[in-house]
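# Results of the structural survey
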Amino acid sequence: MVDNLSLVVPFYNEEEGIDFFSKTISSTLAKIPSSEWELICVDDGSSDKTLQKLIDLSLSDSRFKVVELSRNFGKEAALTAGLDTASGAAVVVIDADLQDPAEIIATMVEKWREGAEVVLGRRIDRSSDSVAKRATASWFYSLHNRISKIKIPENVGDFRLMDRCVVDALKTLPEQQRFMKGLFAWVGFRTVTVDYVRAPRVSGVTKFSPFSLWNFAIEGITSFSTVPLRIWTYIGCTGALLTLLYGIFITLRTMIFGSAVPGYASIFFAITLLGSVQIISVGILGEYIGRMYMETKNRPIYIRRKIYHRID
Ligand code: UDP
Ligand code: MG
């Protein structure tokens, strides 16, 4: 029996890498026994020749389907577009730069045939990422997993295989702001892991600046945890208790020793500290309210301009 499988790949300004990608991926997929592949290439509003190159691919090889988005929606939206288009019995998600080794796909398919519903690729060696990126990533995971019920496995990217039932479950999640790592973890299912070493990018540059990774981390935490909201109740209560104790102390001191010299410095300190604490907590409320506002608009996650697909 031949399995119909899909590969979903987001492309954003990857023109230099497309030839390498198509060659490597075609030879890798050819080695996987009894499988028919469709390759869903999502062009996430690239401004270089990525789209044209993808269209050329789709003309020369009918397995390639190109989904063109109307602008750059970001990787998460591009993945969603790809998953919506994919029709395979299992779907593999991989980055266009092939930093995650394509050979692993064969192992993933094997595990899936043995009954796994999700096969995760885990990077055991991230020396191709910078020290700063590794450190911040590891802080993010430990903070995230401490404060939210849904645990995201560490060192696992978007590179994975999912059974049709998992993809269908993902499609039922209505949120606009899609933190895919979290959503993948949220749906659950029988999961196994395959380890690999992550290679450096062959061509092009990373599309994620430190600032966009910071925003991504805030997205992840606010999507899956309300601890940052609740923490203020405890900080407020602790502050109130301390203030009360301090008040009692001052009253007693005044009663016993008489009025002291007015404590300008301590009052100033208390006011500024409490003021800044309040501003921070309002800011955190703002993060959540802003997201609720965006969700209530109920806009589609992406807009598709066109699908290119050669029908033989
Ligand atoms: N990507 C995308 N839209 C974006 C940014 C990135 O579709 O707005 C794609 C990109 O083309 C690549 C994948 O997401 O296929 C991962 O991006 P990148 O390699 O820059 O991330 P890194 O490996 O540095 O985390
Ligand atoms: Mg990359």
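None of these values were measured; they are calculated from a predicted model.

A word on the pairing of strand S3 (residues 64–69). The buried fraction of S3 amounts to six of the six residues, a majority that puts the element mostly inside the structure. Here S3 shows no split at all, with Phe 64, Val 66 and Glu 68 on one side and Lys 65, Val 67 and Leu 69 on the other all buried. Between the parallel elements strand S2 (residues 35–43) and S3, the chain passes through helix H2 (residues 50–60) in a crossover that is right-handed. In terms of strand pairing, S3 meets strand S8 (residues 304–309) through five bridges, oriented antiparallel. Bridge pairing in S8 links Leu 69 to Arg 304.

For the structure on display, the rule yields six aromatic pairs. Each ring, one from Phe 11 and one from Phe 21, has its centre 5.3 Å from the other, and the planes form 90°; the classification is edge-to-face. With Phe 11 in strand S1 (residues 3–11) and Phe 21 in helix H1 (residues 18–30), this residue pair connects regions lying 10 residues apart in the sequence. Each member of the pair, Phe 11 together with Phe 21, is buried. On the numbers, 6.2 Å between centres and 75° between planes, the contact of Phe 140 with Phe 179 is edge-to-face. Remark: Phe 179 occurs in the loop between helix H6 (164–171) and helix H7 (180–187) and Phe 140 occurs in helix H5 (residues 131–147); sequence separation between them is 39 residues. Assigned by exposure class, Phe 140 and Phe 179 land together as buried.

Further remarks concern the sheet that holds S8. For sheets, the rule is that strands pair by backbone hydrogen bonds, running either parallel or antiparallel. With mixed pairing, the eight strands of this open sheet are ordered in space as S7-S5-S6-S4-S1-S2-S3-S8. In this open sheet, the two edge strands, each paired with only one partner strand, are strand S7 (191–197) and S8. Taking each pair of neighbouring strands and ignoring which way they run, the sheet shows an average axis angle of 20°.

Moving on, we get to the side chain of Ser 35. Locating Ser 35 in the fold gives a position in strand S2. What Ser 35 contacts, discounting residues up to four positions off in sequence, is Val 2, Asp 3, Leu 5, Leu 29 and Arg 113.

The reference angle at a metal is 109.5 degrees if four donors form a tetrahedron and 90 or 180 degrees if six donors form an octahedron. Every protein donor of the magnesium ion (ligand 2) is listed here as Asp 97 (OD) and Gln 99 (OE1), and their distances to the metal cover 1.9 Å. Here Asp 97 and Gln 99 have matching classes, each one buried.

Turning next to the UniProt feature "transmembrane region" (unreviewed entry) in the protein. Here the UniProt feature "transmembrane region" (unreviewed entry) sits at residues 231–252 and 264–289. The straight-line gap between the two end C-alpha atoms of residues 231–252 is 32 Å; of that span, 100% is helix and 0% is strand.

Take the pattern of salt bridges next. This model, assessed by the stated rule, comprises 12 salt bridges. Taken together, the salt bridges that share partners define one network made up of Lys 75, Asp 95 and Asp 158.

What counts, and where the lines are drawn
Throughout, a residue's number is its position along its own chain's written sequence, starting from 1. Each chain is given a letter, starting from A, and each ligand a number, starting from 1, according to the order in which they appear as written. Residue-level local features of this predicted model are given only where pLDDT is at least 70; pairs of side-chain atoms are given and counted only at 80 or more, and the full residue set underlies all totals for whole chains, interfaces and linings. With hydrogens and water stripped out, all remaining heavy atoms of the structure feed into the side-chain values. Per-residue accessibility, obtained with a 1.4 Å probe over protein chains only, is compared with the maximum for each type, and a residue is labelled buried under 20%, exposed over 50%, and partly exposed between these values. Numbered from the N terminus, helices here are DSSP runs of H or I no shorter than four residues, and strands are runs of E no shorter than two. Look down the strands so they point away from you; if the path from the first strand over the helix to the second goes clockwise, the crossover is right-handed. Whether two strands pair depends on DSSP finding at least two bridges between them. Each pair of aromatic rings taken from Phe, Tyr and Trp, with Trp reduced to its six-membered ring, is defined by centres within 6.5 Å and is described as stacked if the planes are under 30 degrees apart, edge-to-face if over 60, and tilted in the remaining cases. Axis lines are fitted through C-alpha atoms, for helices just across the contact stretch, and the angle between N-to-C directions can take any value from 0 to 180 degrees. Here, two residues are considered to be in contact whenever any of their heavy atoms come within 4.5 Å of each other. Any N, O or S atom lying within 2.8 Å of the metal counts as a donor, with the limit raised to 3.2 Å for Na, K and Ca; because water is left out of the atom set, some sites can appear incomplete. UniProt positions are given in the numbering used here, feature names are shortened, and annotations may be inferred rather than shown by experiment. Salt bridges are defined by distance alone: a side-chain nitrogen of Lys or Arg within 4 Å of a carboxyl oxygen of Asp or Glu.

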